[in-house]
Amino acid sequence: MSRRVLLLPGDGIGPDIVAEARKLLTALADDHGLDLSLDEGLMGGAAVDATGVPLPDETLAQARASDGVLMGAVGGPAWDGLERAQRPETGLLNIRRELGLFGNLRPAMLYPQLAEASALRPDVVAGLDLMIVRELTGGLYFGEPRGVETLPDGRQRGWNTMAYDSAEIERIGRLAFEASQRRNGQLCSVDKANVLEVSALWREVMNGLATEYSDVTLSHMYVDNAAMQLVRAPRQFDVMVTTNLFGDILSDCAAMLTGSIGMLPSAALDESGRGLYEPVHGSAPDIAGQDKANPLATMLSVAMMLRYSLDAGELADRVEAAVGSVLASGQRTADIHTEDTRLVGTAAMGDAVVAALGAT
Ligand code: IPM
Ligand code: MG
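On a predicted model such as this, the values are computed, not experimentally measured, just so you know. (Residues numbered from 1 in each chain as written. Chains lettered and ligands numbered in written order. Predicted model: local features only at pLDDT ≥ 70, side-chain atom pairs only at ≥ 80, totals over all residues. Heavy atoms only, no water.)

**Let's talk about the sheet that holds strand β12 (residues 275–279)**
If you trace the 10 strands from one edge of the open sheet to the other, you get β2-β1-β3-β12-β11-β4-β5-β10-β8-β9, paired in mixed fashion. On the outer flanks of this sheet lie β2 (36–40) and β9 (217–222), each paired with one strand and no other. Neighbour-to-neighbour, the strand axes of this sheet turn through a mean angle of 20°, independent of strand direction. Sheet analysis places strand β8 (residues 186–191) next to β9, joined by 6 bridges and oriented parallel. Within β9, the position partnered with C188 by the bridge is S219. Where helix α1 (residues 14–31) meets the sheet, it contacts β1 (3–10), β2, β3 (68–73) and β12, and its direction lies at approximately 160° from that of β1. (Pairing = 2+ DSSP bridges. Helix = DSSP H or I, 4+ residues; strand = E, 2+ residues; numbered from the N terminus. Axes fitted to C-alpha atoms, helices over the stretch in contact; angles between N-to-C directions. Contact = heavy atoms within 4.5 Å.)

**Considering the nonpolar core**
Generally speaking, a soluble globular protein has its nonpolar side chains buried in company with each other. In this structure, V133, F177, M263 and L306 are the most contacted members of the largest nonpolar core, which totals 65 residues. Looking at this core, the element that brings in the most residues is helix α10 (residues 296–308), giving 8 residues. Setting aside its immediate chain neighbours within four residues, F177 contacts L187, M206, L209, A210, Y213, V216 and L218. (Core = buried A, V, L, I, M, F, W, Y, C linked by side-chain atoms within 4.5 Å. Buried < 20%, exposed > 50% of the residue type's maximum accessible area, 1.4 Å probe, protein only.)

**Quick notes on helix α9 (residues 244–257)**
With 14 residues, α9 ought to run about 20 Å at 1.5 Å a step, and its terminal C-alpha atoms sit 20 Å apart, in line with that. Just downstream of α9 lies G259, where phi reads positive at about 75°. (Expected span 1.5 Å × (residues − 1).)

**Topic: the site of ligand 1**
Taken together, E89, R96, R106, R134, Y141 and D248 make up the full set of residues adjacent to ligand 1. One nitrogen or oxygen atom from the side chain of R96 is found 2.8 Å from an oxygen atom belonging to ligand 1. Measuring from an oxygen atom of ligand 1, one finds a side-chain N or O atom of R106 at 2.7 Å. Alone, ligand 1 offers 320 Å² of accessible surface; in the complex the protein occludes 71% of this. Two domains each donate at least three residues to the shell around ligand 1, and these are domain 1 (1–109 + 264–360) and domain 2 (119–258). (Near = heavy atom within 4 Å. Polar contact = N/O pair within 3.5 Å; in protein donor to acceptor, adjacent residues only side chain to side chain. Areas by Shrake-Rupley, 256 points an atom, 1.4 Å probe, with all protein chains shown as cover. Domains from an automatic or database assignment.)

**Description of the state of the cysteines**
Going through the model one piece at a time under the given rule, you end up with 0 disulfides. Lacking any disulfide linkage, C188 is separated from the closest cysteine sulfur, that of C253, by 13 Å. Overall, the relative accessible area of 5% leaves C188 in the buried class. Take C253: its relative accessible area is 23%, and that puts it in the partly exposed class. (Disulfide = S-S within 2.5 Å.)

Structure representation (structure tokens):
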């Protein structure tokens, strides 16, 4: 069955890295049996410039008609001053909400070849391989009521609402328990149940689910402690599940543990397995269009798309193996380059991965 993939290059280095993903998908279609049709759309600042809004209706319609959406990166100083509705971030939040992409998988793994790149000592991070499962369409990001008001005495007051219902918690919980079953069977749920009612409910629902997944060991941790444990002893974690805001913060922390944010992919899934895939890093406008960006996070995002949305797990394994073998051969983009390795540009790195596919 032919699969439809939508590419959304976006802003900054987005077009540079999505070009490499396109190369990879085209090679998988031409030489490795993937039945694929590729489409491209506008998103982020590029969409604001062309249409006035960061997520045009047409892009949303294209996304709804796709099995998987691959996004480069959105945002940049050119659009920072715009009102909230026009900001590239708003486009991203809207596509998550409109497509019901509640389940965000953010793996953080340290490639053995890159162990020196972490800000932490190699003996603390060597072998790190964890997955943060972040709830993505609820919580403080989307809770109502929200707003800013002017009080009678002239002061202003702003507020947001952190709310989850039990069905939302159960849905993200199941995704996390299932991810744990495919990994080491250790799930840590992160909350602030010592202070917040919404967290107490979160914990209660997670405990209820645990009785259905007897092959998974569930533990709980308060978010402040989890932040500390992530930098103290990160290998204690396998899968972590948490709310939208806590997951936003902890996933940046986890990404930095690897020292190479240019290597990390992510997936945002709906209830039927359709997904939006994107590298964890941002749009890096300062190096856009200069053949300097690392395309590997985007190529690894293609691997996640193959696995979770295109039913092609075997090809996903091959893409990941190809990335590993290119790193082993010593080729590095500027962000991960060291003295004893060979500096290559974005396009050469993409070509190397495609060439290595043939060898796997
Ligand atoms: C992320 C980003 C987004 C978020 C921003 C750009 C809206 O930080 O994907 O982690 O906060 O979710
Ligand atoms: Mg973030």
